[in-house]
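# A structural walkthrough
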Amino acid sequence: RSTALPTETALKTTDSFLAIAAELLLINEETGRGGSRLAQTYPNAAHFAAGAGFDVEDLEAFYNGKLTFRQDQDVFIEDFPTRNFRDAPSAQQGDPLSATVAPPAAPVVQARTASEQNYTRNVVELIPYAFLRGEGTSEFTVEIPSFVGQSIQDTTVGRQNRLILVLHGLTFKGYNGKYIPELRG
């Protein structure tokens, strides 16, 4: 894609970025309202509405795939298991997440309906690091298993499911060399 979404940051051609960690997230959002919903760390049935023309369980394919990173023609990360990015805290597994629950002798409380965002469990260190050059072609690819009847895209008009790769690292302003610059203290 040649243009960045409103929630994305494009790397300038004169800069480089050293990605030391990454997150792979899923989101279902309204077209034209990027950033309006919380990205999910697993296919959360409370976030991905049933009956929207796709099967929520089929979204697990994204966490059973492989991630590859290429910079120009060089492959730096190949067949990295995307299962490493999946995180469904135990409090969110098994129970209907949108149900109202009442603990004994306590007022009624609403169960969580969004992924817990703690920025430690689903953030995965990339080894080797991914070095992106602004003037080069950086390509991340996620290959997922496919099967007959697979349904992963929301068919509701004005809504879409998206896979999001968030990179954590350092931006080197004004450096677009082929190699990671030497860091000095």
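Residues numbered from 1 in each chain as written. Predicted model: local features only at pLDDT ≥ 70, side-chain atom pairs only at ≥ 80, totals over all residues. Heavy atoms only, no water.

### Quick look at the environment of Phe17
Relative to the helices and strands, Phe17 resides in strand β1 (residues 16-30). Overall, the relative accessible area of 14% leaves Phe17 in the buried class. Between the C-alpha atoms of Phe17 and Gly169, which are 152 residues apart in sequence, the distance is 7.0 Å. In contact with Phe17, other than residues within four places in its own chain, are Leu11, Ala130, Phe131, Leu132, Leu167, His168, Gly169, Leu170 and Thr171. (Helix = DSSP H or I, 4+ residues; strand = E, 2+ residues; numbered from the N terminus. Buried < 20%, exposed > 50% of the residue type's maximum accessible area, 1.4 Å probe, protein only. Contact = heavy atoms within 4.5 Å.)

### A few points about the packing of aromatic side chains
Taken as a whole, this structure holds five aromatic pairs when the rule is applied. Look at Phe48 and Phe54: their rings are 6.4 Å apart centre to centre, the planes differ by 90°, and that puts the pair in the edge-to-face class. Of the two residues, Phe48 and Phe54, both sit in the buried class. An angle of 55° between the planes, with centres 5.7 Å apart, marks the rings of Phe80 and Phe85 as tilted. For the residue pair Phe80 and Phe85, the accessibility class agrees, reading buried in each case. (Phe/Tyr/Trp six-rings, centres within 6.5 Å; stacked < 30°, edge-to-face > 60°.)

### As for the pairing of β1
Across the 15 residues of β1, 13 count as buried, placing the element largely inside the fold. Here 14 bridges tie β1 to strand β8 (residues 159-172), and the two strands are oriented antiparallel to one another. By the bridge assignment, Leu25 is partnered in β8 with Ile164. (Pairing = 2+ DSSP bridges.)

### A closer look at unusual backbone geometry
Residue Pro128 follows Ile127 across a cis peptide bond; omega there is 0°. Positionally, Pro128 belongs in strand β6 (residues 124-133). We note that Asp72 has phi near 55°; this positive angle belongs to a residue other than glycine. Position of Asp72 relative to the elements: it lies in the loop between β2 (66-71) and β3 (74-81). Residue Asp72 is classed as partly exposed on the basis of its relative accessible area of 30%.

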